[in-house]
Amino acid sequence: MTGRDRMVLIVVSALVVLAAAWLLLVSPERQQAAKLQSKVTQASAQLATDESQLASARSAQSRYAAAYASLVSLGKAVPPGREVPSLVYQLAQASNQRHVDFSSIVSGASSASSSSSSSSSSATAAPAAAVAGFTQMPFTFVFNGTFSDLYHLFQQLNGFTVRTASGGLQVNGRLLTIQSAKLGPASTVAEAGSAKAGAEQLTGTITATAYVLPAAQGLTGGATSASPSGGAGSSTTVASSAPGASSPTAPAIARVLP
Amino acid sequence: MRAVNLIPSEQRRGSTLGAGRSQGAAYAVLAVLGVLAIFAWLYGTAHRQVSSRRSEVASLTARAQQAQATAERLTPYTDFIALREQRTQAVSQLVDSRFDWAHAFHEVGRVLPRYASISSLEGKIGSSAGTATTPASGGSSTSASASGAKGAAASTAVTSATPPGSVPTFTLNGCARSQADVALTLDRLRLIQGVSEVTLQSSTKSGASGASGSAAISGGCAGSDPAFTVAISFEPLPAALATGSSAVTSAVSTGGVG
């Protein structure tokens, strides 16, 4: 073996050793480090997402009391049950305030100008029109009063649930959508039911729709004022959150259990 | 006395530059060792990166899992807030889709000329003006009553009794002192805010030949004053405002109990 051959052998051996060292040790470790870097990136992104969800959930938790109160107040506008008695009460109160005679209420959208049955019992027996979202409950009301009084009554009916200037909702009573209104002279002074002159008296026949929450939804979806999961760790329950049994005003009354 | 080789080194037989007795192997070994040292440094660096990144991934994953678990525990709060926002949006849509009857009556009273009077007024929200006039608010159709009525997102879609696109119409029966006053009444009624069309259906003096008896009688006008019937069409009801639910839901307030 000549010197040159030995030199070639040494160089080749050195290259083999270096290649082996690179391929078997250094390169796999570097690849592993690169893979882990991508995993770190993924984990960071996942953590950011989860922390964002957590922040959102914590924000929801901190806003729960206010949200519960506002949902309950929305129940006055759209209650979980038909709540005809409270509707009649609200209409009677509004008509009293406006010096209007609340003559009749009939369930259903049919013309009811001839009806004078001022009873909520007939209204409760009428079918409600179930449509997507809220359930519609058409009614026909008859009022007697002057044009001015009826105009103010319309204002008050609309004012049960209104938008505020800031874009929020102000709920004072049942949400009503008036579909038709008919004003005509009161046929008799007796029908007008007031001491005012008969010539000034008008009969206003209003066809309006009230709304009811879907049967599947409760007023608060089973939540209580203390917990959204329905009583877990709670000592306070809302007295009337069951569908069909609640009043728009009732949810504000809470019963504290010992 | 030391012998000195006077032959230049590059001309000596069998000699290479720097080969010396090891025939250059020492250089090769040094080079290999150098490269190996670099490899060792690279390996060490990569190894440290692997270790640190592994622990970082583990830490990030643990934090993400913890955040996930906490967020899941708070899911009822998030769901409740979503329910509240959904319901508020639905009520807001219904509120926004109502026709302002009180304002319309006020406007009728405001624009009516001195020598004209109204004996009866009938207003109703008609069917949709058609797809051409239906505001394209985006979102899915809310089915049920109104053709072409568009709501907001399907999840919060509610069907209003007076869906967007519906056309409010008034039919007025009244008396005027003369036909000129009827013309003036038509002109003035066009001044009502939101009116799209005012159509005279009839204007008949009670003593006129071929007059519709019912119109004359129902009008109950004094002497030979003409009784008129006017139809007023308003602009179609607008689509519900595309409000951000957060803006709406933050401000649900309750007024006095109705």
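Refer to the structure above for everything that follows.
Residues numbered from 1 in each chain as written. Chains lettered and ligands numbered in written order. Predicted model: local features only at pLDDT ≥ 70, side-chain atom pairs only at ≥ 80, totals over all residues.

Q: Mind showing me how you'd approach the overall build of chain A here?
A: Looking only at helices and strands, chain A has six helices and nine strands in total. Buried residues in chain A amount to 41% of all 258 residues. Of the contacts made within chain A by residues no fewer than 6 positions apart, 62% connect residues no fewer than 24 positions apart. (Helix = DSSP H or I, 4+ residues; strand = E, 2+ residues; numbered from the N terminus. Buried ≥ 20, exposed ≤ 12 C-beta atoms within 10 Å, placed from the backbone. Contact = placed C-beta atoms within 7 Å.)

Q: For this particular structure, what's the right way to read the overall build of chain B?
A: Scanning chain B for helices and strands turns up six helices and five strands. If you list the helices and strands of chain B from N to C, you get α-α-α-β-β-α-β-α-β-α-β. Within chain B, the proportion of its 258 residues that are buried is 34%. Contacts spanning at least 24 positions in sequence make up 67% of the contacts within chain B whose residues lie at least 6 apart.

Q: Would you explain the packing of helix 5 (residues 147-158) of chain A against helix 3 (residues 101-111) of chain B in this entry?
A: Two packed helices can be described by the angle between their axes and the distance between those axes. Relative to each other, helix 5 of chain A and helix 3 of chain B sit at 155°, their axes nearing to 8 Å. Considering the angle they form, helix 5 of chain A stands roughly antiparallel to helix 3 of chain B. For the pair formed by helix 5 of chain A and helix 3 of chain B, the contact residues are F147, Y151, F154, Q155 and N158 of chain A on the first element and W101, A102, F105, H106 and G109 of chain B on the second. Here the contact of helix 5 of chain A with helix 3 of chain B is composed, by residue class, of six nonpolar, four polar and no charged. (Axes fitted to C-alpha atoms, helices over the stretch in contact; angles between N-to-C directions. Parallel < 35°, antiparallel > 145°, perpendicular 65-115°, else oblique. Nonpolar A, V, L, I, M, F, W, Y, C, P; charged D, E, K, R; others polar.)

Q: Explain the pairing of strand 2 (residues 166-176) of chain B here, please?
A: The side chains of a regular strand alternate between the sheet's two faces. Residues and elements named next belong to chain B. In terms of residue burial, strand 2 counts as a mostly covered element, since nine of its 11 residues are buried. As paired elements, strand 2 and strand 4 (residues 226-234) share seven bridges and run antiparallel to each other. Its bridge partner lying in strand 4, L172 is registered against V230. (Pairing = 2+ DSSP bridges.)

Q: What am I meant to see in helix 3 (residues 84-97) of chain A here?
A: Each full turn of the α-helix corresponds to 3.6 residues, which orients residues three or four apart in the same direction. Relative to the 20 Å expected for 14 residues at 1.5 Å per residue, helix 3 of chain A spans 20 Å between its end C-alpha atoms, a close match to the ideal helical length. Residues V84, S86, L87, Q90, L91, A94 and S95 of chain A constitute the buried set of helix 3 of chain A. (Expected span 1.5 Å × (residues − 1).)

Q: Sorry, what's going on with the environment of A231 of chain B here?
A: Residue and element names in this part refer to chain B. Summarising the element assignment, A231 is placed in strand 4. Sequence separation between A231 and T169 is 62 residues; the distance between their C-alpha atoms is 6.9 Å. In this structure A231 touches T169, T171, T199 and Q201, once residues within four positions along its chain are discounted.

Q: For this particular structure, what's the right way to read the interface of chain B and chain A?
A: A common measure of how large an interface is: the accessible area buried when the components associate. On the side of chain A, 85 residues touch chain B, which itself brings 81 residues to the contact. At the level of elements, helix 1 (25-73), helix 2 (75-96), helix 3, strand 1 (116-128), helix 6 (245-249) and strand 5 (252-254) of chain B are the ones that each hand at least two residues to the side of chain B that touches chain A. A total of 25 residues in the side of chain B that touches chain A trace back to one element, the largest contributor, which is helix 1 of chain B. For the side of chain B that touches chain A, the residue count by class is 40 nonpolar, 29 polar and 12 charged.

Q: Can you walk me through the pairing of strand 6 (residues 176-185) of chain A in this structure?
A: Residues and elements named next belong to chain A. A large share of strand 6 lies buried, amounting to eight of its 10 residues. Judged from the nine bridges that link them, strand 6 and strand 7 (residues 202-212) form a sheet pairing that is antiparallel. Residue pairing in the sheet places G184 in a bridge with T203 of strand 7.

Q: Sorry if this is basic, but what is going on with unusual backbone geometry here?
A: For residues besides glycine, phi is generally negative; the peptide bonds are generally trans as well. Residue and element names in this part refer to chain A. The phi torsion at E83 lies on the positive side, around 55°, for a residue other than glycine. Within the secondary structure, E83 is located in the loop between helix 2 (64-77) and helix 3. Positive phi outside glycine occurs at H99, with the angle close to 55°. By the secondary structure assignment, H99 is in the loop between helix 3 and strand 1 (101-107). On the basis of neighbour count, H99 is assigned to the partly exposed category, with 14 C-beta atoms found within 10 Å.

Q: What is the right way to read the nonpolar core from this model?
A: Where a protein is soluble and globular, its nonpolar side chains tend to be buried together. Core analysis: the biggest nonpolar cluster contains 85 residues, and L175 of chain A together with V91 of chain B have the highest contact counts within it. The residue makeup of this core includes at least three contributed by each of domain 1 (63-71 + 218-256) and domain 2 (82-212) of chain A. (Core = buried A, V, L, I, M, F, W, Y, C linked by C-beta atoms within 7 Å. Domains from an automatic or database assignment.)

Q: I'm lost on the packing of helix 1 (residues 3-62) of chain A against helix 2 of chain B in this one. Help?
A: Where helix 1 of chain A contacts helix 2 of chain B, the axes come no closer than 8 Å and their chain directions differ by 70°. In terms of axis orientation, helix 1 of chain A runs roughly perpendicular to helix 2 of chain B. Helix 2 of chain B is crossed by helix 1 of chain A, and the crossing has left-handed handedness. Contacts from S56, A57, A60 and Q61 of chain A of helix 1 of chain A reach helix 2 of chain B at T75, Y77, T78 and I81 of chain B. (Left-handed = near helix turned anticlockwise from the far one by under 90°.)

Any functional reading would require information beyond the geometric quantities listed.
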